[in-house]
Amino acid sequence: MEYVALGKSNLLVSRTAFGAMSLDCPEINSCGAEAEEKACAIVHQAYSGGMNFFDTSRSKPECEQRLGAALHGIRHNVILATKTAAQSVQELRSDLQESLQALNTDFIDLYQLENPSVLAQKDGRDGIYNELCSLRDRGVIRHFGIASEKLDLAEEAIKSGLYETVQFPFNMISSENTLSLVKMCDENDIGCIAMQPLNGGIVSNVPLALGFLHQYENVVPVWGVHTQEELHQILYFNDHPPVIDEEFKSEVEKIRCFFN
């Protein structure tokens, strides 16, 4: 497993990250009473495979709970990220407290504002940005960023210089504007986290998708995992990435043209 610095933060994360927001997926829940055990097995398989960056959200409380239980005993060895959709300081404090309890931890390594309608600003009237700074100063969170599907808001966050990371959809069928956003992150030393590396399941070719993302050294894709078999495939092609040659580029371009 390769590890990279997440932008200007001091977080050294695995380039293949674990998206824990799928720990309540039908494949896991179908295990019934053994669903939590299955989720734990998948998380431990990821950890054994070298993944040290685990990302989840308060919008998925069961996923936070299962991830927290699975990380018992190894929490100090991983980078833990979660998100909040809070619209006020009071909601943010409540969400954070619930996340800390669910994840069974005293602090969050990376706390992200999830799909905000507007970007929280320093000394803003809502007080959200200043609260994040206060929480960081107190050690309750170590770093903070945003997660958004809005290209213009992600660009604003990068240009503002107020956030350490930006998480947004990026995969082999993304637009040229998104590719420009990735470059902007690199130029501004902003941690670039790619959600939806398979575009929500539209892309099915894991080695091609993984190989495409590996071309961008500043990008850390977060892979939502549903089964141990799927995780095995992701870890295998992480360790044995495809050769980026003309044939590879041709296959990527075919898929891009088909969807775009």
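Structural data are supplied above this passage.
Before going into details, it helps to say that this report is about the structure given with it. In this text, all values refer to a predicted model and were calculated from it rather than measured experimentally.

Before going further, it helps to spend a moment on the layout of surface pockets. To find leftover empty space, one rolls a probe the size of a water molecule over the atoms. Estimated volume of the largest pocket: approximately 540 Å³. Together, 25 residues line the largest pocket, and M21, M195, Q196, V222 and G224 are the ones closest to its centre. A per-element tally of the lining of the largest pocket places strand 10 (residues 219–224) first, with 3 residues. A per-class count over the lining of the largest pocket returns 8 nonpolar, 10 polar and 7 charged.

Take helix 9 (residues 228–239) next. In a regular helix each residue adds 1.5 Å, so 12 residues correspond to 16 Å; helix 9 covers 16 Å between its end C-alpha atoms and thus fits that length. Along helix 9, the residues classified as buried are E230, L231, I234, L235 and N238. End-on, the buried residues of helix 9 take up no more than an arc of 130°, which puts them together on one face. Exposed side of helix 9, more than 90 degrees from the buried face: E229 and H232 are the residues found there. Of the surrounding elements, those touching the buried residues of helix 9 are helix 2 (35–48), helix 8 (206–214) and strand 10.

Below, the discussion takes up the pairing of strand 5 (residues 79–84). The buried fraction of strand 5 amounts to 6 of the 6 residues, a majority that puts the element mostly inside the structure. Neither face of strand 5 is exposed, since I79, A81 and K83 on one face and L80, T82 and T84 on the opposite face are all buried. With 3 bridges connecting them, strand 4 (residues 53–55) and strand 5 associate as parallel partners. Residue pairing in the sheet places F54 in a bridge with L80 of strand 5.

Parameters and conventions
Residues numbered from 1 in each chain as written. Predicted model: local features only at pLDDT ≥ 70, side-chain atom pairs only at ≥ 80, totals over all residues. Heavy atoms only, no water. 1 Å grid on protein atoms, 1.4 Å probe; cavity = no way out; pocket = protein on both sides within 12 Å on 5 of 7 lines; lining within 4 Å. Points joined across faces, edges and corners; volume = space filled by probe spheres on them. Helix = DSSP H or I, 4+ residues; strand = E, 2+ residues; numbered from the N terminus. Nonpolar A, V, L, I, M, F, W, Y, C, P; charged D, E, K, R; others polar. Expected span 1.5 Å × (residues − 1). Buried < 20%, exposed > 50% of the residue type's maximum accessible area, 1.4 Å probe, protein only. Arc of directions from axis to C-beta. Contact = heavy atoms within 4.5 Å. Pairing = 2+ DSSP bridges.

So yeah, pure geometry; function would need other evidence.
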